[in-house]
Each structure stands twice: as C-alpha cells, then as structure tokens.
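Tertiary structure, described
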Amino acid sequence: MPANQELPQLPAVGELLTSGLDKVLAGRTEPAWLTDNRRNAWKAFQAMEMPFWRRTNLRQFSFDLFRPTFGIAEIRFTGQEGVIVRDMQSALRERPDLMDDALGVSLDARPNKFTALHGALWQDGVFVYVPKNVVVEEPIRIVYRLPEAGAAIFPHTLVVAEPNSSVTVVEEFVSDDLSDPALCIPAADIIVNDNAEVRFLSVQSFGRNAFHIGSQFVSMRGKDSRIWWLTAALGGRVQHLEMEIYLGGNGSHADWLGVNYANEQQNLVYAPIIRHVGLHTEGSVNFRSVVDDEGYAVFDGLIKIEKGAQGTNSDLRDNALHLGPKARSDSIPGLEIDANDVKAGHGSTSGPIDPEQVFYLRSRGLPEAEALRMVVMGFISEVVDQIPVEDLHDRVVDLIAAKI
Amino acid sequence: MNNDLVIKNLHVEVDGQEILKGIDLTVEQGKIHAIMGPNGSGKSTLAYTLAGHPRYEVTEGEVWYKGQNVLDLEPDERARLGLFLAFQYPVAVAGVSVANFLRAAINAHRAEEGVDPRKTAIPVAEFRKKLRERLQLLNMDESFARRYLNEGFSGGEKKRLEILQMAMLEPSMAVMDETDSGLDIDALRIVANGINSIKEQRPEMGILLITHYQRLLNYIKPDVVHVLMDGRIVREGGPELALELEEKGYDWIREEVIGHAS
C-alpha cells in the first residue's frame, strides 16, 4: 500500500473554486514544473465550458460536490531488478527525471474540463518504469477504488518502457454500488520506446452511480514498438473515455481490443483514435458492444493516417449485439487518410441475437436463459478470452455473466 | 414403460400455410424408421416441429413420448426428455467451443430441480474421457473439440458434429434430418458408421431417419420405411420400399395417391 496518508484531505471542488488552489499547493513538496502544471490546469478548468459530447449524458452533472480523495487500493508486483513500480508521490520524490517528459501526455492530448481538473488535483497513481532490455514476465497489477459516494479520484498510470523491454500492466477500476454519484477521472500515459512491447489492460467495473471520464494515451514513439491494449467497460453509470494510440515510430504496431457492456441505464462511451504517423505502421482495432435494458453503448472510433505515413495498414471494427428493445448502441467508425500508399478498412455491425442460435442450443437441452448467456459470451469471447491473466479473465467472465 | 414416439393427426402451418396435413406415425423404441419423400413434402417441417422450433405452428394433433405430450414442452425440455434432432443445417455459434457447449448441454441433462448444479455436474475428468472416446468412435481429431461450434466447418464436419453431439448426449429417440445431404461418399460412410456404432452401443434408442435419397439406407438399415408426400404419410413398408423408390422415383406413388383421392 502506498503512503497516501501523508497527503492532506482536500475540500470539495465547489469550495476550492472559492478558496483557490494555492493553499492546497502550499502544503506540497513537488517538483516546481508539476506545481506550475497544476496552476495552469486549474486556470484552464475554471475557464472551460462543460464539454458537449452528444452521446455522453452529463445532464445533472456538476463538479461542485465531489470531494477529491485517493484512488489507489492496491499495487501487486513482487519486484524485479531495475524495474520501478511505485506510487506516484514516492516516484516524484525519487525519480522525477524519468517522468517529466512523459507525465501528462494524455491530458495534453485531450484538453477539456475533465482532464484539466485531473491535471490540477491528481494526487496518486502508479509509475511503472522498465529499463532497457528487461523483460518483465509477471503482470503488474493496480487496483483503483472509488471509496464512497461523493468522492472524486484522479488515478494516474504512467508507464515508460525503454528499448527492447517488455511488460504487462493491468489496471482495474472498482467500487461498490453507490447511493449517489462519485467521479473517477483517470489518466494513463504510456510511452513505448524502440522495439519495446507493452500489454496494457484497463478494466472498468465500478458499481452503480460512478462516472468514469478521462483520457488514455499510448505514445508509440519507438521504432518497431508494439502495444497490445485490452479495455473493458462493464460498470458505472456514465463512462466517456478518450483514448489514443499514437503510432509515431516506424514499424510500430498496435492491437487494440475492447468490450463494452451497457445495461440498466448505463451510458458507456469509448472514443478510440489510432493515429498513424511513422512509416509502415500497423493497427488493428476490434471492439464488441453488448446493450440490454436501457443501456447505451457508444463506439466513436477513428483511424487517422497522417501525411507521410506511407505503408500504413489499419483496420477498425466494432460489432454490437442488442439484447433488449430499448437498448441502444451507436457505432461511428471513422477514417481520415492523408497519405496515399496505405491500406485501411473499417466497419461495424449491429443487431439482435440470432434466434436460430438460441434454438439450436436449446434443442440440446440448455434452458433458454443459459442458451442466451452462451451466445452472448460467445460474441464477446474473441476479446475476453485473450485476457492473459487467469483470475482477471475469470472475474470479467463472471461480471459479464451476471449482467446477462 | 412404452417409449415409442407417437404422432397423431399432426397438422402444422408455416407462415400461415399448412405443410403437414395430418401425420400419423409411431416410431418404436429401438427401431429405425425412415421417412422418405420428395422435396417440399414436409420432411424438415416434421423434424423442426418435433424439436419445437417456434416458426412451426401446430394447429391440430398430438405427439406423445414417455407419457408426455411433447407439444406442451419447451425445446430444451424435449431434449432433456431424450429427444434429439440432428439438424440438416446446423447453426454456427462463434466464440462457443464444442467442448464447452457439450459440457454445458450434458450438465443441463443431469440437472435436477432444487439441487445445486455443481452437485449434479459431470466431473471434468469423466467428461474429458467420454469426449475422447466419442471423438475416436467418430474418427475425429481431438482438436475438433476446441473449435467454435460449426464456425467455419465444412458440410461434412457439421454433420459429424451433429453425430458427436448425439453420441455425447445419449438420447433415447433421435430424429435425423437429411443427415446425408451435402456429403460425399467418404463422409457419408463415416457419418453412417458413427450412427451405427452409437446404435450398437444403445440398442434401445429409436431413430427416425429423414432422407430424400435411398443411399443413406444402404448403410443404415431401416426396420420401417414411410413415404411422406404433400404433408401426409402415403405409404408404409419394409426396407424394400426404399429400394423401389430408388428405382422408380416418387411419381408412381403420386399417381396412385391422386388416383385414390379422385
């Protein structure tokens, strides 16, 4: 457990707006550049309007009542020579030199009122540093927890993979069902250098009433670097995640998998962008959405191929399954190409469950509910079965089974 | 207990059109019955109706099996009663492996009301052993069990999977809808041998073979042959009737039936 107790409790956002941020910052011992960043972010937060996201329901949402607190519940890693896995406060004291050019790239990539507030108020998170030529076999596990109704957490995951290194980082977002809204504004900055490989899993399984609104950014700045990213949205009330894989290094490669399951009144939005910049980069985006009850799932995805990104090969898919007549999904796979020697494809499907599949399974003796569950699990298994950590795979399967 | 499957005056409509116009048919326990008939005679309608497909609407008649009116039962209840339909066109279900599906299906058969399903579930080792044996019986590679249900299967593989399911679920009454269709002669032989091996192991099982052609009956010897035409059973006989149909086609029966009718 990290030493969060050293940090002072903060007043609610509404009170901070009157009392100002200075008093809070005065009690900190942080690098000066970080304090400057906080001041700028706080100014930006105050100046900005609420973002207008057509498909994200922020009616009745107000920042004022949320009280910032700490989000790390657990860091699990037995340790390995040279590998740093530290809570952010300790890391900032010990090795700010390894962090300063990477910390906050996700906030800079998507400036809005939420990321600005994160930039001003974030207190904890996890720094993962893998030195050159080091292969980390054991997955690094992080659990972020929303402790109670009214709380706001700003968990920040920072991963730097040096050349020829390899690592798996798993972050899980959890909470109980909450009686009133609580807010998580996550940020993830992931830097992948030459020929390094990062596997990143981000699983959101909050209880009722959690808002999960943030930005995650993977910078594939190294040549021949590889990212494998699996994201799952299963819980909470509203999710809006803006995400980007920036394929800057020549020959860099991205595999991106997602599962989004919105039921009850959940509104879960994924907005992934895969940006091709270097030569001969490859990207594959494959998401699955399931909606039931009055759930609303959104896949607002984009392949962006920048000028000069010759030899790009990219594909983006989202398939949605509708289980209830009132459930909705929107799939907006976009394509913007400013280079000429590229291969790119995108597409989406959506539709109800195939009754012939259900009948086929029932004809073998499976009760209807079980047949339905099997078809739905089959639909998402192409994504879920790739979760390389067994207990997490089983937990995700159980969470989904409970929603069907 | 009498474990014959008894069909009485069965009338069935599909999309408002009457396809079966009063079928009377008894499939005896332990016997192999064949239903032959030309295209459009109602063979598949009979198969789907017995399995309880919602598209097929029974307007009149009864189907009795093991003391229950099958028509009152849900499709899965029929299966758990021991009825099995080998589909003419098996359905693909992506993401569901053959092994997981078979285990779930077996456990559904073993489940008892009010008992924790973990108590009645087949032990994993026992399931694996049974699966391995049945795969061998049907000349199927073990990798088959890891594939997704019918996903990307060839016609022959789909039919073999139907037989594998039958071998695993051990029904007491199997309805096989054109299990020979789309198979070349080698695949047909493998499938037919599989059915015969299962029948040898379980002589009490009744089989209703639905087929257009006689060729399947060269490998699986029926005890009784019924001819279905225009929604009615118009002829019944021994195995020799199948040979006669092979030789002379269906037209002579049609003429006779129309002759009788007029």
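Preceding block: the structure.
Residues numbered from 1 in each chain as written. Chains lettered and ligands numbered in written order. Predicted model: local features only at pLDDT ≥ 70, side-chain atom pairs only at ≥ 80, totals over all residues. Heavy atoms only, no water.

1. Examining the side chain of Arg-364 of chain A
The residue Arg-364 of chain A is located in the loop between helix H7 (355-362) and helix H8 (368-384) in this model. For Arg-364 of chain A, the side chain forms a polar contact with the side chain of Ser-363 of chain A, separated by 3.3 Å. Engagement of the side chain of Arg-364 of chain A in a polar contact is seen with the side chain of Gln-165 of chain B, the distance being 2.5 Å. Ignoring any residue separated from it by four or fewer positions in sequence, one finds Arg-364 of chain A in contact with Ala-79, Phe-84, Leu-85, Ala-86, Phe-87, Phe-101, Ala-105, His-109, Glu-162, Gln-165 and Leu-169 of chain B. (Helix = DSSP H or I, 4+ residues; strand = E, 2+ residues; numbered from the N terminus. Polar contact = N/O pair within 3.5 Å; in protein donor to acceptor, adjacent residues only side chain to side chain. Contact = heavy atoms within 4.5 Å.)

2. Thoughts on the pairing of strand S10 (residues 187-192) of chain A
All names here are of chain A. For S10, a buried count of six out of six residues is recorded, marking the element as mostly surrounded by other parts of the structure. Residues of S10 alternate between two faces, with Ala-187, Asp-189 and Ile-191 on one and Ala-188, Ile-190 and Val-192 on the opposite face, all of them buried. Looking at chain direction, strand S7 (residues 156-161) and S10 are connected through six bridges and run parallel. Paired with Val-160 across the strands is Ile-191, a residue of S10. Summarising the sheet, S10 and strand S12 (residues 210-220) pair through five bridges and their orientation is parallel. Bridge pairing in S12 places Ala-188 opposite Gln-216. (Buried < 20%, exposed > 50% of the residue type's maximum accessible area, 1.4 Å probe, protein only. Pairing = 2+ DSSP bridges.)

3. Section: helix H6 (residues 155-169) of chain B
Residue and element names in this part refer to chain B. Compared with the 21 Å implied by 1.5 Å per residue over 15 residues, the 21 Å span of H6 between its first and last C-alpha is a close match. Within H6, 11 of the 15 residues are buried, leaving the element largely enclosed by the surrounding structure. Taken together, the buried positions of H6 are occupied by Gly-156, Lys-159, Leu-161, Glu-162, Ile-163, Leu-164, Gln-165, Met-166, Ala-167, Met-168 and Leu-169. Remark: Glu-170 follows H6 within two positions and exhibits a positive phi of approximately 50 degrees. (Expected span 1.5 Å × (residues − 1).)

4. Notes on the sheet that holds strand S2 (residues 17-27) of chain B
All names here are of chain B. Strand order in the open sheet formed by four strands is S2-S1-S4-S5, and the pairing between neighbours is antiparallel. Only two strands of the sheet have a single neighbouring strand rather than two, namely S2 and strand S5 (68-69). Relative to strand S1 (residues 5-14), helix H1 (residues 43-51) is tilted by about 110 degrees, and along the sheet it contacts S1, S2 and strand S4 (56-65). (Axes fitted to C-alpha atoms, helices over the stretch in contact; angles between N-to-C directions.)

5. Examining the interface of chain A and chain B
Counting residues at the interface gives 19 residues for chain A, matched by 33 residues for chain B. Of the charged contacts, one joins Glu-74 of chain B and Arg-362 of chain A as a salt bridge, the two residues approaching to 2.7 Å between their closest N and O atoms. Elements with a contribution of two residues or more to the side of chain A that touches chain B: H7 and H8 of chain A. Here the element with the most residues in the side of chain A that touches chain B is H8 of chain A; it accounts for seven residues. Tallied by class, residues from the side of chain A that touches chain B come to eight nonpolar, five polar and six charged. (Salt bridge = Lys/Arg side-chain N within 4 Å of Asp/Glu carboxyl O. Nonpolar A, V, L, I, M, F, W, Y, C, P; charged D, E, K, R; others polar.)

6. Topic: the environment of Asp-4 of chain B
Residue and element names in this part refer to chain B. Within the secondary structure, Asp-4 is located in the segment before S1. Residues Asp-4 and Tyr-65, spaced 61 residues apart in sequence, show a C-alpha to C-alpha distance of 6.4 Å. Excluding residues within four positions of it along the chain, Asp-4 makes contact with Thr-26, Val-27, Glu-28, Gln-29, Trp-64 and Tyr-65. Of the polar contacts made by the side chain of Asp-4, one reaches the backbone nitrogen of Gln-29; its length is 2.8 Å.

7. Notes on helix H6 (residues 113-121) of chain A
Residues and elements named next belong to chain A. The element H6 is extensively covered by neighbouring structure, given that nine of its nine residues are classed as buried. All buried positions along H6 are accounted for by Lys-113, Phe-114, Thr-115, Ala-116, Leu-117, His-118, Gly-119, Ala-120 and Leu-121. Structurally, the start of H6 carries an N-cap: the backbone nitrogen of Phe-114 is 2.8 Å from a side-chain oxygen of Asn-112.

8. Looking at the side chain of Thr-231 of chain A
Summarising the element assignment, Thr-231 of chain A is placed in strand S13 (residues 226-233). At 2.8 Å, the side chain of Thr-231 of chain A forms a polar contact with the side chain of Tyr-270 of chain A.

9. Remarks on the pattern of salt bridges
Evaluation of the coordinates by the stated rule reveals 44 salt bridges over all chains. Residue Asp-251 of chain B pairs with Arg-254 of chain B through a salt bridge whose shortest N-O separation is 3.3 Å. Here Asp-251 of chain B pairs with Arg-254 of chain B, and both are found in helix H9 (residues 251-261), just three residues apart, close to one helical turn. The network of salt bridges with shared partners includes Arg-110, Glu-242, Glu-244, Arg-275 and Glu-306 of chain A.

10. Considering the environment of Ser-181 of chain B
Residues and elements named next belong to chain B. Relative to the assigned elements, Ser-181 resides in the loop between strand S9 (173-177) and helix H7 (185-201). For Ser-181, a relative accessible area of 23% corresponds to the partly exposed category. Between the alpha carbons of Ser-181 and Leu-216 there is a distance of 9.3 Å; along the sequence they are 35 residues apart.

Honestly, that's just the spatial picture; any functional story needs more than this.
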